[in-house]
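Structural description and commentary
Listed below, chain by chain, are the residues.
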Amino acid sequence: MRYRQGIFLYLIFFPAGLAILANAQRYPELRNQLHLSNGEFGTYLSLVGIGSFICFVVGSRMIHHLGIGRTLFIAILGLYSSVAAFPHMHSAIHFILLNIIFGFFSTLNHISINAQGIHVQHRTGKLLLPLLSGIWSAGAVLTSLISISIAKYVSLAWQIDSIAAIGLVLALLGLFGHRKDLMDPQEEYEAAPNISLKNLLTTFKFIPALSFGHILIVQSEFSAGDWSAIFSHNVIGVSTALAATSYLVFMTVMATLRIFAHKINFRYSEATLIKWVPRVGAVGFGSSLIIATYLAKSNIVWAFIFTLIAYAFLGAGNSFMIGMLFGIAARKSLVMPGTVIASMGLVGATLSFIVKIIISWVAQVTNLTIALMIPTLMLFAGSWLYKLGEREPATN
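The paragraphs below set out a description of the structure included in this document. Fair warning: this is a prediction, and the values are worked out from it, not measured in the lab. (Residues numbered from 1 in each chain as written. Predicted model: local features only at pLDDT ≥ 70, side-chain atom pairs only at ≥ 80, totals over all residues. Heavy atoms only, no water.)

Notes on the pattern of salt bridges
Following the criterion strictly, the structure yields 2 salt bridges and no others. Residue Glu29 pairs with Arg26 through a salt bridge whose shortest N-O separation is 2.6 Å. Of the residues examined, Glu29 reaches a relative accessible area of 25% and is grouped as partly exposed. Judged by its relative accessible area of 1%, Arg26 falls in the buried class. Among the ionic pairs, Lys356 bridges to Asp226, the shortest N-O distance being 3.5 Å. Here Asp226 lies in helix H11 (residues 208-236) and Lys356 lies in helix H17 (residues 337-365), a separation of 130 residues in the sequence. Overall, Lys356 belongs to the buried group, its relative accessible area being 10%. Asp226 sits in the buried class, given a relative accessible area of 11%. (Salt bridge = Lys/Arg side-chain N within 4 Å of Asp/Glu carboxyl O. Buried < 20%, exposed > 50% of the residue type's maximum accessible area, 1.4 Å probe, protein only. Helix = DSSP H or I, 4+ residues; strand = E, 2+ residues; numbered from the N terminus.)

Here is the structure:
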């Protein structure tokens, strides 16, 4: 891949991670601004699943009808505009509608940039998707650092509006610079296939365990984004700025392991990693979170340290599992890899919507620590998919 081509492609991925998770770092303020309980706030956040579901059904058709360039342009404008709108929400109804809109455009952006990433990877013959995922994660890490650094000094609206504006400029610059390398119309179907009921049922037929196992693993990542800052702020009692540190630790560990996943796979087999990494991550996260909750009333410093340890374990437990599951699905299914990945994404968006609501109301009725045991148990359960993995380490 040429240097210029790579830089502009990175500029499309990096600001997406920067902007999509910008609001998550200051969810405690946004929830208070809307005067919502944990149950209500979490339920409304889960409505992004409705927008994601719609987009998984129609997004690929948009790419085929409008072309990857126009679709990505629409996705960029919609994504960064909706991100900027969150801090200005004071009505629950408007917040509900915005979450659905945000879910649609964030998923459209996801489908578009990954379709282009698949195209470049096929054309160059180099393994780029893990690197591009790492670039996206680097944007998420940076937005956490920004929140930690300036949350004390600037308003929620000022911070998010600035990040959204910068992200919009960078993404449009990347799209404009990369325009000559965008996929041709005949290449779009393989990278971003249509999702039909037939495709979805075919995917289920060959990989039913993976279709549901995917949500067991990915829910821990969703829960970290939704609840890490709220847990640190409300349960442990640290400031809003420090509360963002827990998600920073989660993303840093997860991004680092994803970048080096191919090297780890050379030493340990797929089956071994799938069996033990989620288990260690789940046990470490759950136990550390319980200890942090116990210490919160007597020693806030140690409580917060154990919170950070918990999210480090969660980041490790999640890390490269999704990539491995997608790889297994692509090997075992008789349909195209793009169809498998998109179908699993659709299943994940649907089931995640339900699980997020359950977590929200368990948190409301009991407490957040108990609620977070749900994604902990789901992550642990995902380790039973190890039987589908390769038994031998990868070879150079």
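Some words on unusual backbone geometry
A positive phi angle, near 60°, is found at His35, a position not held by glycine. Structurally, the position occupied by His35 is in the loop between helix H2 (27-34) and helix H3 (38-46). With a relative accessible area of 70%, His35 lands in the exposed category.

Describing the packing of helix H4 (residues 48-66) against helix H5 (residues 68-85)
Orientation of H4 relative to H5, taken along the N-to-C sense of each, is 130°, at an axis distance of 6 Å. Classed by the angle they form, the pair H4 and H5 counts as oblique. Along its contact with H4, which presents Met62, Ile63 and Leu66, the element H5 presents Ile68, Arg70, Thr71 and Ile74. Each residue belonging to the contact of H4 with H5 can be placed in one class, and the counts come to 5 nonpolar, 1 polar and 1 charged. (Axes fitted to C-alpha atoms, helices over the stretch in contact; angles between N-to-C directions. Parallel < 35°, antiparallel > 145°, perpendicular 65-115°, else oblique. Contact = heavy atoms within 4.5 Å. Nonpolar A, V, L, I, M, F, W, Y, C, P; charged D, E, K, R; others polar.)

Looking at H3
Across the 9 residues of H3, 8 count as buried, placing the element largely inside the fold. Here H3 has its buried residues at Asn38, Gly39, Phe41, Gly42, Thr43, Tyr44, Leu45 and Ser46.

Some thoughts on helix H19 (residues 373-382)
Burial in H19 covers these residues: Pro375, Thr376, Met378, Leu379 and Gly382. Summarising the axial view, the buried residues of H19 lie within an arc of 165°, below the 170-degree limit, and thus occupy one face. (Arc of directions from axis to C-beta.)

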